[in-house]
Amino acid sequence: MISSTANSKVKRLAALMQKAKMRREEQAFVVEGVKMFREAPAEWVREVYVSEGFLQKSERGKDAVLNNRLSQYHYEVLSEEVFQKVSDTQTPQGILCVLSVPHYDLADRIDRMAAAGRIPFLILLEDLQDPGNLGTILRAGEGAGIDGVIMTKRTVDILNPKVIRATMGAIYRVPFFFVDHMSETIDFLQRKGVTVYAAHLDDSVDYDEADYTKPTAFLIGNEGNGLRRETADQAEQYIKIPMAGQVESLNAAAAAAILMYEAARQRRRNAKH
């Protein structure tokens, strides 16, 4: 059992939790909690750590599925104090894993969808900064059936522990892509027949007036500044969510969820006819 916070493994775990640079260098990230451990793809798992209390509880418990999964890995036991040190939550569940970062290829993904007859459904995020927004967009996106999230590299790190928690496991199932230049990505998608809609107030139509049953991508901008003008101008159509009362706009995650679920509704209705 590791009982010192000065241990090199403990220092590395803390760094992976706190530093995006470390995660990029190691191409690894940390997830916490029983749910995230249960759902983690086996091929992503590099290391497993449990607290002393968690191990004692699991040995006494009746969760055969959890115990069976835990038995498949060599795991390190940390004292309660050390586990608290590396955890990013106030009340740790006592288990965390180091996972490999998955790598997805956007062009390959689009080609595979075309070959399978699947109509692309994507979210494009330009410079989002709030971890909760990004995580919620992935979670809502999985529920709405999106095929992936494309982000500028100035977007908050998707492997940030706060983002990971907010995804509630969707990080495992929703492909994500980083791009240097959103403008080039929009050009690429349009050449592939994808219609890009920009969430924007100027010269917009109400979001429920557009047709999302065709290949669709929603473009969402920074929480404070919105979309860059040059990025928004590349979209085929501006769309807006009408506001009652004195509210001017919704936050990025709420707006994205409304748009994604409208597209999902239209596609379900279209499939029935």
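Residues numbered from 1 in each chain as written. Predicted model: local features only at pLDDT ≥ 70, side-chain atom pairs only at ≥ 80, totals over all residues. Heavy atoms only, no water.

**Notes on the overall build of the protein chain**
Thought 1: Counting its secondary structure elements, the protein chain contains twelve helices and eleven strands.
Thought 2: Seen along its three principal axes, the alpha-carbon backbone of the protein chain occupies a region of about 60 × 40 × 40 Å.
Thought 3: Out of the 273 residues belonging to the protein chain, those deemed buried represent 51%.
Thought 4: Contacts in the protein chain between residues far apart in sequence, at least 24 positions, make up 80% of those at least 6 positions apart.
Thought 5: Surface summary for the protein chain: the accessible area is close to 13600 Å², and the carbon and sulfur share equals 47%. (Helix = DSSP H or I, 4+ residues; strand = E, 2+ residues; numbered from the N terminus. Buried < 20%, exposed > 50% of the residue type's maximum accessible area, 1.4 Å probe, protein only. Contact = heavy atoms within 4.5 Å. Areas by Shrake-Rupley, 256 points an atom, 1.4 Å probe, with all protein chains shown as cover.)

**A look at the confidence of the model for the protein chain**
Parts of the prediction with low pLDDT should not have their coordinates interpreted in detail.
Thought 1: Here the protein chain averages 94 in pLDDT, while 99% of its residues score no lower than 70.
Thought 2: Predicted confidence in the protein chain is weakest over helix α4 (residues 52-60), with a mean pLDDT of 82, and strongest over strand β5 (residues 121-125), with 98. (pLDDT = per-residue confidence, 0-100.)

**Brief notes about unusual backbone geometry**
Of all residues except glycine, most have a negative phi; of all peptide bonds, most are trans.
Thought 1: In this model, Gln-27 sits at a positive phi of 50°, which is unusual for a non-glycine residue.
Thought 2: Tracing the backbone through its elements, the reader meets Gln-27 in the loop between α2 (20-26) and β1 (28-32).
Thought 3: The class for Gln-27 is partly exposed, based on a relative accessible area of 27%.
Thought 4: Positive phi outside glycine occurs at Met-168, with the angle close to 50°.
Thought 5: With respect to the helices, strands and loops of the structure, Met-168 is situated in the loop between α9 (161-167) and β7 (176-179).

**Thoughts on helix α10 (residues 182-191)**
Thought 1: Met-182, Thr-185, Ile-186, Phe-188 and Leu-189 are the residues of α10 that are buried. Buried residues of α10 fall within an arc of 160° about the axis and therefore sit on the same side. Exposed residues on α10 whose side chains face more than 90 degrees from its buried face are Glu-184 and Arg-191.
Thought 2: Gly-193 lies just past α10 and shows a positive phi near 90°. (Arc of directions from axis to C-beta.)

**A few points about the pairing of strand β6 (residues 148-152)**
Thought 1: Across the five residues of β6, five count as buried, placing the element largely inside the fold.
Thought 2: Judged from the four bridges that link them, β5 and β6 form a sheet pairing that is parallel. Note that in β6 the partner of Leu-124 across the bridge is Ile-150.
Thought 3: Regarding topology, helix α8 (residues 131-144) serves as the crossover connection from β5 to the parallel β6, and that connection is right-handed. (Pairing = 2+ DSSP bridges. Right-handed = clockwise from strand over helix to strand, strands pointing away.)

**Observations concerning the pairing of β5**
Thought 1: For β5, the buried fraction is high: five of the five residues fall into the buried class.
Thought 2: Covered by surrounding structure in β5 are Phe-121, Ile-123 and Leu-125 together with Leu-122 and Leu-124, the residues of both alternating faces.
Thought 3: As paired strands, β5 and strand β10 (residues 216-220) are joined by five bridges and run parallel to one another. Within β10, the residue paired with Leu-125 across the bridge is Ile-220.

**Concerning the sheet that holds strand β11 (residues 237-240)**
Thought 1: What the seven strands build is an open sheet, ordered β7-β6-β5-β10-β8-β11-β9; its pairing is parallel. The open sheet is flanked by β7 and β9 (205-206), the only strands paired with a single partner.
Thought 2: Judged from the four bridges that link them, β6 and β7 form a sheet pairing that is parallel. Each residue of the ladder has a partner; that of Ile-150, found in β7, is Phe-177.

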